[in-house]
Amino acid sequence: MEKRMETTQHKQLASLLGRLPLVHSKRSDVQEQYAIRSAGHFGETTTDHFLQYLHSEEYHVIQDIRLFDGIQHFQIDCLVLTPFFLLIIEVKNFRGKLIFDFEHHQLFRIFEGKKETFPDPFLQVEHQSYQLKMWLDQFNFPEIPTHSFVVVTNPKTVIKTYGPDPEGRRKRIIRPKQILSSVTSLTSIFNREYWDFPQIKTAASRFEKENTPYRGRILEKFNLTIEDLVKGVQCQKCKRFPMERRRDHRVCGWCGFKSKNAHLAALRDFQLLVGNEISNVEFREFAEIKTEYTARRILLENSQSFSGRTKDRKYKLKPDI
Ligand SMILES: [Zn+2]
């Protein structure tokens, strides 16, 4: 299993924090969102640690996948493919006390004296499993049962349940350490093989191919425009702006760090914060590059295509610069 990548949203928030002036009024909002996303990321990596114990010959693990069911997109934290069933894992990384209310389909979180209400994760995973079935139908995969777990990652979180539980949901709330034993005991319950290994392999590559990670418009989300951002090339060592240009490299006036490709980070920031298409003028303004020639050279190296004539040409950036 590959190491989990940071989500696009997490990268966008990090990049935005890097380019928002320290005194900007929206900075604390962005910082708060970044902290929440970082906690979520940590929770998921804790889960990944235990998922690694699932032998890869029998199981295939796919993380953080976003698919289109024909009507809308849906996102699954973790999907385990087995010959017997598909398992949806929803990761909850909350501190404090969690109360799952089976009677009214709600989730309460009590933390630092505050009580908050969240949507029922079981309704969520049940809808996801319906969407997953629709998705599999689109590609004519043979039928296979689905099952789901809600994994509570923080070992200090207190778990309580409330209300009648005829569908056995209580047993589907587990800790990361229980993942392996829970999956193993499930395979003995679903004792028929629906998919063989070649089918699992085909499905796995189809999942990867159809995955469309979410890249929302982050500036709009915080009611910001490109004007709010600090321009120039950021020092990758001390994170200050700007790095000054020398003949064939840039140097940080604060810490003395030298780099030959520091401008790439600026291009990556533009891609994460503004969009995937950029013109020569836009790049020069954003990264404070003096000559059109230098900007063109960098853009050509990092684009997959371009459109328009020389003057108003738009470069379509490579997915991973
Ligand atoms: Zn520096």
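Residues numbered from 1 in each chain as written. Predicted model: local features only at pLDDT ≥ 70, side-chain atom pairs only at ≥ 80, totals over all residues. Heavy atoms only, no water.

What about the overall build of the chain?
For clarity, the threshold we go by: A run of H or I in DSSP counts as a helix once it spans at least four residues, and a run of E counts as a strand once it spans at least two, with each numbered from the N terminus. Under the scheme applied here, a residue whose accessible area is under 20% of the maximum for its type counts as buried, over 50% as exposed, and between as partly exposed, the area being computed with a 1.4 Å probe on protein chains only. Contact criterion: two residues are considered in contact whenever any of their non-hydrogen atoms come within 4.5 Å of each other.
The helix and strand inventory of the chain stands at nine helices and 15 strands. With the principal axes as the frame, the chain shows a C-alpha extent of 70 × 50 × 35 Å. For the chain, the residues scored as buried account for 44% of the 321 residues in total. Summarising the internal contacts of the chain: among those between residues at least 6 apart in sequence, 61% fall at separations of at least 24.

Points about the sheet that holds strand 10 (residues 243–245)
Rule in force here: Being paired, for any two strands, means DSSP has found at least two bridges between them.
The strand order across the open sheet built from three strands is 10-11-12, with neighbouring strands paired in antiparallel fashion. Among the strands making up the open sheet, the edge pair consists of strand 10 and strand 12 (258–259). Pairing between strand 10 and strand 11 (residues 250–252): three bridges, direction antiparallel. By the bridge assignment for strand 11, Glu244 is matched with Val251.

Overview of helix 8 (residues 280–287)
This is how it is decided: Here the arc refers to the directions that run from the helix axis out to each C-beta atom.
Taken as a whole, helix 8 has its buried residues at Asn280, Phe283, Phe286 and Ala287. Across the axial projection of helix 8, the buried residues extend over an arc of 135°, all falling on one side. Its buried side turned inward, helix 8 meets helix 1 (8–19), strand 11, helix 7 (263–273), strand 13 (277–279), helix 9 (292–301) and strand 15 (314–317). Looking one or two places after helix 8, you find Glu288, whose phi comes out positive at around 50°.

Observations concerning unusual backbone geometry
Here Phe241 and Pro242 are connected by a cis peptide whose omega angle stands at -25°. With respect to the helices, strands and loops of the structure, Pro242 is situated in the loop between helix 6 (218–221) and strand 10. Look at Glu112: it is not a glycine, yet its phi comes out positive at around 50°. Structurally, Glu112 can be placed in the loop between strand 5 (106–111) and strand 6 (114–119). Accessibility expressed as a relative area gives 70% for Glu112, which makes it exposed. The phi torsion at Lys239 lies on the positive side, around 65°, for a residue other than glycine. Summarising the element assignment, Lys239 is placed in the loop between helix 6 and strand 10.

A few points about the domain arrangement of the chain
Just so we agree on the cut-off: Boundaries between domains were set according to an automatic or database domain assignment. Throughout, buried area stands for the accessible area (probe radius 1.4 Å) lost by two parts on being put together, summed over both. Here, a salt bridge means any Lys or Arg side-chain nitrogen found within 4 Å of an Asp or Glu carboxyl oxygen.
Assigned domains of the chain: these are domain 1 (8–210) and domain 2 (231–317). Each of domain 1 and domain 2 has a C-alpha centre, and these two points are 37 Å apart. Contact residues are listed per partner, giving seven residues for domain 1 and 10 residues for domain 2. Regarding the contact of domain 1 and domain 2, the summed buried area is about 670 Å², with carbon and sulfur atoms giving 54% of it. Of all residues in domain 1, Gln12, Ser15 and Arg19 give up the largest surface area on contact with domain 2, accounting jointly for 74% of the area buried on that side. At the boundary of domain 1 and domain 2, one finds one salt bridge. For Arg19, the salt bridge is made with Asp269, and the minimal N-O distance between the two is 2.7 Å.

A closer look at the coordination of the zinc ion
For clarity, the cut-off: In this description, a donor is an N, O or S atom within 2.8 Å of the metal centre, a cutoff extended to 3.2 Å for sodium, potassium and calcium. Water is not part of the atom list, which can make sites seem incomplete. Angle rules define the geometry names used: all angles between 85 and 135 degrees makes four donors tetrahedral, while opposite donors over 155 degrees apart and all other angles between 65 and 115 make four donors square planar and six octahedral, leaving every other case irregular.
Cys235 (SG), Cys238 (SG), Cys252 (SG) and Cys255 (SG) make up the full set of protein donors to the zinc ion, lying at 2.3 Å. Every donor counted, the four donor atoms about the zinc ion form angles of 106 to 115° at the centre, which fits tetrahedral coordination. Binding-site remark: the zinc ion is held by donors from one chain whose sequence spacing is C-x2-C-x13-C-x2-C. Of this pair, Cys235 sits in the loop between helix 6 and strand 10 while Cys255 sits in the loop between strand 11 and strand 12, and the two are 20 residues apart along the sequence.

What to know about the packing of aromatic side chains
The cut-off we apply is this: For Phe, Tyr and Trp, rings pair up if their centres lie within 6.5 Å, where Trp contributes its six-membered ring, and each pair is then called stacked (planes under 30 degrees apart), edge-to-face (over 60) or tilted (otherwise). Geometrically, a charge over a ring is one whose NZ (Lys) or CZ (Arg) sits within 6 Å of the ring centre while staying within 35 degrees of the ring normal.
For the coordinates displayed, the defined rule picks out 10 aromatic pairs. With a centroid separation of 4.8 Å and 55° between ring planes, the pair formed by Trp135 and Phe139 is classed as tilted. Judged by its relative accessible area of 1%, Trp135 falls in the buried class. Here Trp135 and Phe207 contribute two aromatic rings whose centre-to-centre distance is 4.5 Å and whose plane-to-plane angle is 15°, an arrangement assigned as stacked. Taken together, the residues Trp135 in helix 3 (residues 121–138) and Phe207 in helix 5 (residues 197–210) connect sequence positions 72 residues apart. Among the aromatic residues, those joined into a cluster by ring pairs are Trp135, Phe139, Phe141, Trp195 and Phe207. Between the NZ or CZ atom of Lys115 and the centre of the ring of Phe108, over which it lies, the distance is 4.5 Å. The ring of Tyr194 carries the charged tip of Arg192 above its face, separated from the ring centre by 4.2 Å.

Considerations on the sheet that holds strand 6
Think of a sheet as strands paired side by side through backbone hydrogen bonds, with each pair either parallel or antiparallel. Rule in force here: Whenever a helix is involved, its axis is fitted only over the stretch in contact; in every case the axis is a line through C-alpha atoms, and angles between N-to-C directions fall within 0 to 180 degrees.
Read from one edge of the open sheet, four strands run 6-5-4-8, paired in mixed fashion. The sheet is open, and its two edges are formed by strand 6 and strand 8 (158–162), each paired on a single side. The average angle at which neighbouring strand axes cross in this sheet is 20°, direction not considered. Summarising the sheet, strand 4 (residues 97–101) and strand 8 pair through five bridges and their orientation is parallel. Note that in strand 8 the partner of Lys97 across the bridge is Val158.

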